[in-house]
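# Examination of the molecular architecture
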Amino acid sequence: MEKVDITPAQVVYLDYLAKHPDSHLSQLTEALNYKAASVSGMVSILEANGMVRKMTEHNDARALLLALTEEGQNAVVEINKYRNMRVEKISEKLNERHT
């Protein structure tokens, strides 16, 4: 599995955007129940790292839409592979205890 160098907090943002593509910044802020400044700052970091793309709404230049870049999508794939591997290991250990 390829190593993905992101923080657990960034995983939360990537997970949300993977499940809700083309979300508004305000939707992300509301869904995560974080302060707008915190969300905006993290989105800027993810954008600088090439994982998120900011776009303006065609009929409202003030509204920011967020989408994962290809790199962000690849990171989510790797994160999910890691999660699945961890669940398998835990399941194996639990099965060993019950046999």
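These remarks concern the structure in this document. (Residues numbered from 1 in each chain as written. Predicted model: local features only at pLDDT ≥ 70, side-chain atom pairs only at ≥ 80, totals over all residues. Heavy atoms only, no water.)

## Observations concerning the side chain of Gln 10
Convention followed: Strands here mean DSSP runs of E at least two residues long; helices mean DSSP runs of H or I at least four residues long; both are numbered from the N terminus. Partly exposed describes any residue whose relative accessible area lies between the buried limit of under 20% and the exposed limit of over 50%, with all areas from a 1.4 Å probe on protein chains only and scaled to the type maximum. Contact criterion: two residues are considered in contact whenever any of their non-hydrogen atoms come within 4.5 Å of each other.
Note on placement: Gln 10 falls in helix H1 (residues 8–19). We classify Gln 10 as buried; its relative accessible area is 7%. If sequence neighbours within four positions are ignored, Gln 10 has contacts with Met 42, Ile 45, Leu 46 and Asn 49.

## Examining the sheet that holds strand E1 (residues 23–24)
What counts here: Whether two strands pair depends on DSSP finding at least two bridges between them. Note on geometry: axes are lines fitted to C-alpha atoms, helical ones only across the stretch in contact, with angles between N-to-C directions running from 0 to 180 degrees.
Judged by pairing direction, the sheet is antiparallel, and its three strands sit side by side in the order E1-E3-E2 without closing on themselves. Each edge of the sheet is formed by a strand with only one pairing partner; in this case those strands are E1 and strand E2 (52–57). Pairing analysis gives six bridges linking E2 to strand E3 (residues 60–68), with the strands arranged antiparallel. For Glu 57, the partnering residue across the bridge sits in E3 and is Asp 60. H1 contacts E1, E2 and E3 of the sheet and is inclined by roughly 100 degrees relative to E3. Contacts between helix H3 (residues 36–48) and the sheet are confined to E2 and E3, with E2 contributing the most and set at about 115 degrees to the helix.

## Some words on the pattern of salt bridges
In a structure, side chains of opposite charge can pair up when their charged atoms sit close to one another. Worth spelling out the cut-off: One speaks of a salt bridge when a side-chain nitrogen belonging to Lys or Arg is within 4 Å of a carboxyl oxygen belonging to Asp or Glu.
Tallied over the entire structure, the rule returns three salt bridges. Among the salt bridges present, the one from Glu 47 reaches Lys 54, with a minimum N-O distance of 3.5 Å. On the basis of relative accessible area, Glu 47 is assigned to the partly exposed category, the value being 33%. The class of Lys 54 is partly exposed, set by a relative accessible area of 28%. With a closest N to O distance of 3.4 Å, Lys 81 and Glu 78 form a salt bridge. Here the residue Lys 81 and the residue Glu 78 both occupy positions in helix H4 (residues 70–97), the gap between them amounting to three residues, near one helical turn.

## Regarding the packing of H1 against H3
To be explicit about the condition: In this scheme, roughly parallel covers angles under 35 degrees and roughly antiparallel covers those over 145, while 65 to 115 is roughly perpendicular and the rest are oblique.
Interaxial distance between H1 and H3 falls to 11 Å at its minimum, and their mutual angle equals 90 degrees. On the basis of their axis angle, the class for H1 and H3 is roughly perpendicular. The residues of H3 that touch H1, namely those facing Ala 9, Gln 10, Tyr 13 and Leu 14, are Ser 38, Val 39, Met 42, Val 43, Ile 45 and Leu 46.

## A word on unusual backbone geometry
Phi is positive for Asp 22, close to 55 degrees, though the residue is something other than glycine. Located in the positive-phi region is Asn 33, a residue other than glycine, with phi close to 60 degrees. Its location among the elements puts Asn 33 in the loop between helix H2 (25–32) and H3.

## Details of the packing of aromatic side chains
The line we're drawing: Aromatic contacts are taken between Phe, Tyr and Trp rings whose centres are within 6.5 Å, Trp giving its six-membered ring; a plane angle under 30 degrees counts as stacked, one over 60 as edge-to-face, and the others as tilted.
For the structure on display, the rule yields one aromatic pair. When the centroid spacing of 6.1 Å and the interplanar angle of 45 degrees are considered together, the rings of Tyr 13 and Tyr 34 count as tilted. You can see Tyr 13 sitting in helix H1 and its partner Tyr 34 sitting in the loop between H2 and H3, a full 21 residues away along the chain. A relative accessible area of 3% places Tyr 13 in the buried class.

Fair warning: the whole summary comes from geometry, so function is off the table for now.
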